[in-house]
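Listed here are the chains, written in short residue letters.
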Amino acid sequence: MRNTTAGLKAAMAATPHTLGWLGQFVFKDGTTIRVSATGAPTTFQSQSWTRDKSFKGSTLKFSGDGTVPDGEVTAPTAISDAYDDEDVYAGTFDGMEITLFVFNYSSPTDGGMQLGPYTVGEINYDDRGRIATFEVRGLLQQAKQITVEELSVACRSDFGDQRPGFCNLPVYPGDVARSTAYAIGAYVRVPDGADYHNRMFRCSTAGTTAGSAPAYDYVVGHTTTDGTAVFTAEEAWVRSGTVATRIDDSDFTATLTEARAVDEWFTSGTLKWTSGANAGICNQVRKWTQSGAHVELWGSAAWPVEVGDTFEITPGCDKTFAMCRDRFVNSINFRGEHLLPGRDFLGGSGT
């Protein structure tokens with residue numbers, strides 16, 4: 001909980017019937033919605049807050065250490081009417097932050113008491129009333145949780161996790177930067193207009209890139225000298241595609257080039273829309289069939305899918321040692337214990 005001393009005093013000095021809630025909802029893409037539960041629009045901290053009767057923040061329960069156990073915030077109409085359960089599934093609200101304010105709406109310039117920002121946890125959506133409810137968690141909530149890493153035959157890394165000691169597969173390398181030093185083994189992507197040509201580049205000779213970009217050679221195995229650094233072109237894991245024919249919003253064929261993409265190659269992978277109504281939203285792939293480049297999604301896309309919509313898609317990983325070794329040649333980073341004895345061993349007779 002954060003507040004200014006003056007704001008706290010002003011809020012506490014106000015009579016109960018002049019106290020009101022304000023809510024600020026910030027999506028991961030920066031979209032910000034500000035609403036007032038005071039029955040009228042208001043100006044507070046030089047920002048405009050729209051009147052919204054559905055917004056409620058009064059179900060929060062605070063404890064002395066600053067956590068918010070079982071805290072809930074009812075989403076404003078601006079969110080409940082514009083989004084639905086498909087947006088919840090698509091991850092539209094992942095990473096959203098909610099900040100609440102209690103202030104004296106009869107004198108907004110007095111300031112108020114700030115609560116948060118809090119990160120959204122579980123999301124509940126009622127289709128009947130089109131009402132979304134967000135669970136919020138305090139700053140110390142994660143510190144109070146008991147976290148252990150269990151032994152498992154399956155890998156505990158998420159695909160492409162770049163933290164030291166995790167997957168580290170270069171799924172989305174950063175764009176090559178100018179006048180920047182690169183070490184051997186560093187990966188970058190090189191944009192050509194809006195196209196990466198399904199390639200990534202591995203630094204094969206350490207050095208510093210030039211102040212202006214040279215023309216990169218996108219042929220796999222060919223090298224490009226950039227300043228004193230040399231980069232070698234490799235097949236990228238992420239591929240660009242375009243919707244070719246639409247069956248429905250979860251089922252379509254694509255124009256996509258990937259020689260390695262046998263059946264199931266993209267199954268359980270992630271599809272990120274790069275144009276169209278769904279741009280910026282991700283869906284999980286339920287099934288990939290090489291013949292006809294057929295893509296099926298888990299659930300429907302949040303918004304209508306149209307022929308010509310573009311996307312980026314990554315391979316799926318079943319978190320087994322065999323796939324890590326054979327498909328991704330990344331067994332050195334496998335975070336599982338694949339040699340653990342199984343049920344047959346445990347249920348067998350002793351000798």
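Just above sits the structure.
Definitions and limits used
Residues numbered from 1 in each chain as written. Predicted model: local features only at pLDDT ≥ 70, side-chain atom pairs only at ≥ 80, totals over all residues. Heavy atoms only, no water. Helix = DSSP H or I, 4+ residues; strand = E, 2+ residues; numbered from the N terminus. Buried < 20%, exposed > 50% of the residue type's maximum accessible area, 1.4 Å probe, protein only. Contact = heavy atoms within 4.5 Å. Areas by Shrake-Rupley, 256 points an atom, 1.4 Å probe, with all protein chains shown as cover. Pairing = 2+ DSSP bridges. Axes fitted to C-alpha atoms, helices over the stretch in contact; angles between N-to-C directions. Patch = residues over 30% accessible without salt bridge, like charges linked within 9 Å, V, L, I, M, F, W, Y side chains within 5 Å. Salt bridge = Lys/Arg side-chain N within 4 Å of Asp/Glu carboxyl O. Core = buried A, V, L, I, M, F, W, Y, C linked by side-chain atoms within 4.5 Å.

(A) Looking closely at the overall build of the protein chain. A count of helices and strands for the protein chain gives six helices and 21 strands. Every one of the 351 residues in the protein chain was classed for burial, and the buried ones make up 40%. By sequence separation, contacts in the protein chain at least 24 residues apart represent 56% of the contacts at least 6 residues apart. Put simply, the protein chain shows about 18,600 Å² of open surface, and 52% of that area lies on carbon and sulfur atoms.

(B) Examining the sheet that holds strand S16 (residues 239-248) more closely. Ordered in space as S16-S17-S20-S19-S18-S21, the six strands form a closed barrel in which the pairing is antiparallel. If you compare each strand with its neighbour and ignore which way they point, the axes differ by 45 degrees on average.

(C) Region of interest: a nonpolar patch on the surface. Taken together, the side chains of Leu151, Val153 and Leu340 present a nonpolar region at the surface, about 280 Å² in accessible area. By secondary structure assignment, the location of Leu151 is in the loop between helix H4 (141-144) and strand S10 (181-182). Classification of Leu151 by relative accessible area gives exposed; the value is 63%.

(D) Main features of the environment of Ala183. Relative to the assigned elements, Ala183 resides in the loop between S10 and strand S11 (187-188). For the pair Ala183 and Thr205, spaced 22 residues apart in sequence, the C-alpha to C-alpha distance is 7.5 Å.

(E) Broad picture of the nonpolar core. Phe252, Leu271, Trp273, Trp288 and Phe311 are the most contacted members of the largest nonpolar core, which has 26 residues in total. Of all the elements in the fold, those that place two or more residues in this core are strand S17 (251-256), strand S18 (270-273), strand S19 (282-289), strand S20 (294-297) and strand S21 (310-313). If we skip the residues at most four places from it in the chain, Phe311 touches Arg239, Ser240, Gly241, Thr242, Val243, Phe252, Ala254, Leu256, Leu271, Lys272, Trp273 and Thr274. Core analysis: the second largest hydrophobic core is formed by 23 residues, Phe93, Ile98, Met113 and Tyr125 among them.

(F) Representation of the sheet that holds strand S15 (residues 229-235). Read across the sheet, four strands follow the order S11-S12-S15-S14 without closing on themselves; strand pairing throughout is antiparallel. The open sheet is flanked by S11 and strand S14 (223-226), the only strands paired with a single partner. Across four bridges, S14 lies against S15 in antiparallel orientation. Bridged to Thr224 within S15 is Phe231.

(G) Structural detail: the side chain of Glu296. Its location among the elements puts Glu296 in strand S20. Owing to a relative accessible area of 13%, Glu296 belongs among the buried residues under this scheme. Residue contacts for Glu296: discarding those within four places in its chain leaves Ser250, Asp251, Val285, Arg286 and Lys287.

(H) Structural context of the pattern of salt bridges. In this structure the tally under the stated criterion is 13 salt bridges. Where Arg199 meets Glu235, a salt bridge forms, and the shortest distance between an N and an O atom there is 3.0 Å. Taken together, the residues Arg199 in strand S12 (residues 199-205) and Glu235 in strand S15 connect sequence positions 36 residues apart. Across the pair Arg239 and Glu235 runs a salt bridge, and its minimum N-O distance is 3.0 Å. Classification of Arg239 by relative accessible area gives buried; the value is 3%. Among the residues examined, Glu235 registers a relative accessible area of 28% and is labelled partly exposed. Overlapping salt bridges, with partners in common, bring together Arg199, Glu235, Arg239, Glu258 and Arg260 in one network.

(I) Summary view of the pairing of S19. Both S18 and S19 contribute to a ladder of three bridges, which runs antiparallel. Each residue of the ladder has a partner; that of Leu271, found in S19, is Asn283. As defined by bridge partners, S19 adjoins S20 across four bridges and the pair is classed as antiparallel. Note that in S20 the partner of Val285 across the bridge is Leu297. Linking two consecutive strands that pair antiparallel, namely S19 and S20, is a turn of four residues; a positive phi of about 80 degrees is found at Gly292 within it.

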